[in-house]
Structure formats: C-alpha cells, structure tokens
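# Tertiary structure, described
Residue-level listing of the chains:
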Amino acid sequence: MCGIVGYIGKKEKKTFLLNGLKELEYRGYDSAGIAVLHQNEINYFKAAGKLENLVNKTKDFSSNGFGLGIAHTRWATHGKPTEINAHPHWGAFSLVIHNGIIENYMEIKKELQEDGVEFVSQTDTEIIVHLFEKFIALDFEPHVAFEKTIQSLHGAYAILLISKVAPDTIFFAKNAVPLILGRNSESELFFGSSDAPLIGFAQEVSYLEDGTYGWASEKEIALFHHDEKIKPNFKPLNSSKIYAQKDGYRFFMEKEIYEQSSVVSETLMGRIKDDVVFLEELKDYDFNTIDEIKICACGTSYHAALTASYLIERLAKIRCSVEIASEFRYKEPLLDTKTLFLVISQSGETADTLEALKMAKKAGLKTLSVCNVDNSSIVRVSDATILTRAGIEKGVASTKAFATQVLTLWLLALYVAKAKNTLEEAHYEAEIKALRAIPTVLKVDERVHEKLHRLSKRYLHGHGFFFIGRDIFFPLALEGALKLKEISYLHAEGYPSGEMKHGPIALADSNLFTIALMPRTLLYEKTKSNVEELSARDATILAISPQEFELADDFIKTKVYTHPMCEFFEMMVITQLLALEVSIRLGNDVDMPRNLAKSVTVE
Ligand code: M6R
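Quick summary incoming for the structure in this document. (Residues numbered from 1 in each chain as written. Predicted model: local features only at pLDDT ≥ 70, side-chain atom pairs only at ≥ 80, totals over all residues. Heavy atoms only, no water.)

Below, the discussion takes up empty space enclosed by the protein. Here the structure, examined in full by the defined rule, presents three cavities of 30 Å³ or more. In terms of lining, the largest cavity is formed by Val441, Lys443, Val444, Asp445, Val448, Lys559, Glu570, Val573, Ile574 and Leu577. Top element by residues in the lining of the largest cavity is helix H18 (residues 564-585). It accounts for four residues. Residues of the lining of the largest cavity, tallied by class, amount to six nonpolar, no polar and four charged. What lines the second largest cavity is Cys2, Arg74, Trp75, Thr77, His78, His87, His98, Gly100, Thr123, Asp124 and Thr125. Partitioning the lining of the second largest cavity into residue classes produces two nonpolar, seven polar and two charged. (1 Å grid on protein atoms, 1.4 Å probe; cavity = no way out; pocket = protein on both sides within 12 Å on 5 of 7 lines; lining within 4 Å. Points joined across faces, edges and corners; volume = space filled by probe spheres on them. Helix = DSSP H or I, 4+ residues; strand = E, 2+ residues; numbered from the N terminus. Nonpolar A, V, L, I, M, F, W, Y, C, P; charged D, E, K, R; others polar.)

Take a look at the structure:
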C-alpha cells in the first residue's frame, strides 16, 4: 500500500523524508519518490524498485533552510510500477503525491486532455496536479484552486500537494485513507500515513477525519470538514516507538482487531469496479478450464481456506477441497492438471505451505497464492498472488490477517462466479453490496468490548471450551477456538454444531463452556436445536446471535444483517475480543504467547 510523508521546516528535508519512507516500508511498495520546494525551486527524484534506488539517486542532494518536502512509496494500482508512474507527479509548477484511488479520474483526464493537457503517466493521481493548475490558470487563489480540485474528486485519497504559487504551504486532503498531521514546539509540521515516521519528531498529532482537507504553513493550519472550518484535534504523540506503534492500545493484537475496519478497505481498494469484482492478478486464468480448486494452508490460514471452500462452491460452482499443508505433503496426493492449486499464508514463509506449493507446481498444476507479504517465498514461487494488504501483523495470534484473507477469498469466489456466469444478477448485486458493507461491520462496538471484558472473568477455568457453528460459522468456530487456546492456554475446540451429539456431548456439564455462533441468516433453527441439546445437559452457554436465546447463560447480541458474511465478520470480532480479554485476565503475554512463533519456517 502506498505511503506518504511530508515536512515543513528548516531541517534537512531529504533525511527526514527518506527515513520516513523507510518506516512505511512495511506497507509494501514498488517505487518511491521525493520532492523538495526550497527558495522557490523544486527538486524531485523518483526511482522504481527498492528505497535504496531512491537513496542513491538523492545522495548528492541536500536542502537545509526553510522549505517543504513530500515523499511517497507507491504500490501500483493504475499503471505499471515504473519510474514514470512513481509519485510525485508534476504539472508546470506543482507536484502531488496520493494514496488511494480516484474513481472518476478517466472523466477528468478526458476533460483535461480536451483542454490540451498532456499526461506523462498512466496513473489516476496525475489528474490532481493538472486540475489544480487549471484552476490557478483560471485565476483562482491557490487555496480556492485546491478546494475546487478536491471537490471534483470521487474516491479514496490521502493527498499532499506543493506548488510554487504558495511556496510555504502544503495542501492536503484525506478521505477513506489514513493521513496524520503532526507538529512540534519548533514550528515544524509533519504528515504521515501512520504515526511511525513522526515518532521522535512530532510532539502532537491529529488523525485527520474522512472528508477533511486544508493547507498548512509555519503560520497557520487551516482545516475544513466538507465546507466547514474546523479545529484540528491534536493529541500528544508518545515518543516511544513501541507505544506509539500500538496507537495507545494495550497490545498489538488489540490494535490489530480495532484496525480491521480500515485495513479491509485497503483489501477492497480498486477491486470492485462498476459493481463488478476485478482482480487484475487473475487475468491470465481461464476458470472455464478448471475443474477443481484445491486449497492448502496451516493454522488460521487453513480456517480461511475452509471458509473459502463454502463460498467457492456456493458462488462459483467449482468443486473445492481443502487440506492442511503438513498432511497434504506426505499423503501421496493424486493431482490433476485441471485443478487450480491455491495456497493461503499470512507470512508467505510457512514451510509446509511452501513445500505443498512446490509439489503442486512440480506436478504441473496452475498455482495461485493469497498472501500478505509481497516478495515472500510463497509469492515468488506461485504463478500469481492476490495480496491481502493487511499491513504488518505483529500479534502472533492472527486477527486482521484472517479478516483480509477471508475477504480476499470471497472476492476470488465472486470473480470466478462472474467469469463462469454462475450467479443471477440480483444475487451478484447483493454480494457486492455486502462486500462494501464489511468495513462498517468490522468497526468495534466499544460497548460489546466492555461487555466481553466483564464476561471474561467467568471464563477463566472449566475443563474446556467448545466453539460451535454450522456452514461458514464452523470454520469461524475453529478460528475462535484457536484464538482462545493460543493466547489463554485453555483447552478449546471448534466443532460443527451438528456433530456434537456424535461424541463430544459426553463432556457436557456446567464446567464445559460452549460458545455458540447462532447467525440469523444461516441455519438458525438447526443450530439452535444443537445448542438446546447442550443446554439440556447443563453445559454453560455463551450465545452470540442477533436473536434473543433464553437458554443462554450469557448472551452477546449482534446486529441484524441480511447477508451471512456480515454476521460472520461481526462474530469474528467478538470471538477475537473474547480471547483477548480472557488472556489479559490470566496475565498472559497476549502478543507473544508461549511456544509460538509468528512465522513457522520449519516443518
Ligand atoms: O503465515 P501463515 O498464514 O502461513 O501461518 C500459518 C499459521 O502458522 C498461523 O496462521 C498460526 O496458526 C497463527 N498464529 C494463528 O493465530
């Protein structure tokens, strides 16, 4: 994902900007650039590939004395990862950097071209600088020209623009993509896509709201929300890197649960066009020649795979099988070249998954990976990769990686459904509508979190937990149980609700805790009967459902949705928070549970 850094002040700008980009490297990128406006002169440098290339290009450049600087790492969406497409993009006297996607850029580009503007890049970003300069040419004041530019854009953006017409000012705008403004007592101002580049420099930061824009100079910060002038809400920025990286949360896992809502917006970005799922990564795949999709993964990624198998068969009507990578490797599997082999991995380095992928490749299967880490081993070996764009996940217990994996796999199922024309139009539209709702569904409801905190004290003992659910809520039950056992060290199992009576119900008594996932939109009555069977045997029931359930000992009421995936994601957050709260009460190291590693590179 792209990264943005900006600076206004007297210090050496290049150093701050390049170090800032380094801090944002984790977001992933394929080119980078910086621009400095100093004594009414603009210098800019761009390079494809790693930051080192940009560092080499700028080695003889320095910029002491008052000035402005903007810097960017680009993760290509429109146009190839070339130097020309790298940011900043320039007009005649201004430069811009942008993170996000301008949905109406084609329209604007056409109008500008009719006015005689020549474009050098293939990006959507370039229109911003030309539009700004067009308004300047029409004699608007720079502030008004910027305001008019922003009002013309539809889409997601974090933008920084500098121009010789206002040599002491950075113009900025933010909508649906993070942008942070920082300041210190030396009148320096800073911008960043996250806190990371600002730590140690800014004393206070303001996390800009969606729909805000403005301009900043040493003399003033003018901030607007839509058209109304507002005051930036500055908060102190802790100078400890670790603390600030946690954004004030107690643990990385907690932060990662809370950021799922914004992270999945990045997963979706540019992947739904005109209400159709668009996955550029799959353009060379012909799904009409594929008979089966076989998915291989480990741990949480395996649970995402199981969820995907329901979605792929239901939506795309392709047979889908799922295997645990460590089992697959040694079972002498029968592989068919009409099978697409899909691996899922957060780290891209899990040894068993990687080896399974190599086996499938050797057997001549077309391969695909869903992965969070670009350039990882799995990405390099697979024929193509759909990146989940979760950003660095620090908590060993995977949360946002799982959410983005499931969302990516749902996109994949819908992409294949379209390619094979397996869904009625109305059904497809309902899926797209639900997909678009997920960022909102994932917003953590603080009251629910508080309730889980209170309830958690009753769940610190007992002889075991059963998480139960049906259909896609069965893999979610497995994932809920894995989360709990990883960080609480309590025994927990995930089970299909209907399977309890085939053995595990023998364990039922008041010290058996059942976490019942009871969605309204999928098999509610059937799940309810299974939970009643457990309750009749005195099991303690924590029911999670939008429907009141009178046999529940504890109850978390969820929202009423019409799509099962919305219920899925809301219940996912609840199971994550439950595990977190139990673990905190037990005094465990939430982020680094005993015996576990984030990346398992041994078999
Ligand atoms: O990086 P991967 O997704 O390939 O890792 C697979 C598992 O090791 C991982 O999901 C593990 O189960 C997590 N710690 C679960 O929270």
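Lining the immediate surroundings of the ligand are 15 residues, of which Ser301, Ser345, Gln346, Ser347 and Thr350 lie closest. Separating an oxygen atom of the ligand from a side-chain N or O atom of Ser301 is a distance of 2.5 Å. Note that an oxygen atom of the ligand is positioned 2.5 Å from one of the side-chain N or O atoms of Thr350. For the ligand, whose accessible area on its own is 410 Å², the fraction buried by protein is 90%. Tallied by class, the residues present in the shell around the ligand amount to five nonpolar, eight polar and two charged. Composition of the shell around the ligand by domain shows at least three residues from each of domain 2 (254-439) and domain 3 (444-585). (Near = heavy atom within 4 Å. Polar contact = N/O pair within 3.5 Å; in protein donor to acceptor, adjacent residues only side chain to side chain. Areas by Shrake-Rupley, 256 points an atom, 1.4 Å probe, with all protein chains shown as cover. Domains from an automatic or database assignment.)

Right, let's talk about the state of the cysteines for a bit. On inspection of all chains with the given rule, the structure shows zero disulfides. Residue Cys296 stays outside any disulfide, its sulfur separated by 7.7 Å from that of Cys298, the closest cysteine. For Cys296, a relative accessible area of 0% corresponds to the buried category. (Disulfide = S-S within 2.5 Å. Buried < 20%, exposed > 50% of the residue type's maximum accessible area, 1.4 Å probe, protein only.)

A few words now on the pairing of strand E13 (residues 221-225). Relative to E13, strand E12 (residues 212-216) is paired through five bridges, and the arrangement is antiparallel. Each bridged residue has a counterpart across the sheet, and for Trp215 the counterpart in E13 is Ala222. Here E12 hands over to E13 after four residues, the two strands then running antiparallel side by side. Bridge count for E13 against strand E14 (residues 228-230) is three bridges, and the pairing is antiparallel. If you follow His225 over to E14, its bridge partner there is Glu228. Count of turn residues in the E13/E14 antiparallel hairpin: two residues, of which His226 carries a positive phi of about 55 degrees. (Pairing = 2+ DSSP bridges.)

Further remarks concern the pattern of salt bridges. One pass over the structure, following the stated rule, counts 29 salt bridges. With its nearest N and O atoms 3.4 Å apart, the salt bridge here joins Lys10 to Glu218. Taken together, the residues Lys10 in the loop between strand E1 (3-9) and helix H1 (13-23) and Glu218 in the loop between E12 and E13 connect sequence positions 208 residues apart. Where Lys331 meets Glu323, a salt bridge forms, and the shortest distance between an N and an O atom there is 3.0 Å. Given a relative accessible area of 45%, Lys331 falls into the partly exposed group. Residue classification places Glu323 among the buried residues on the basis of a relative accessible area of 11%. Connected through salt bridges with shared partners, the residues Lys11, Glu186 and Glu188 form a single ionic network. (Salt bridge = Lys/Arg side-chain N within 4 Å of Asp/Glu carboxyl O.)

In short, shape yes, function no, at least from these values alone.
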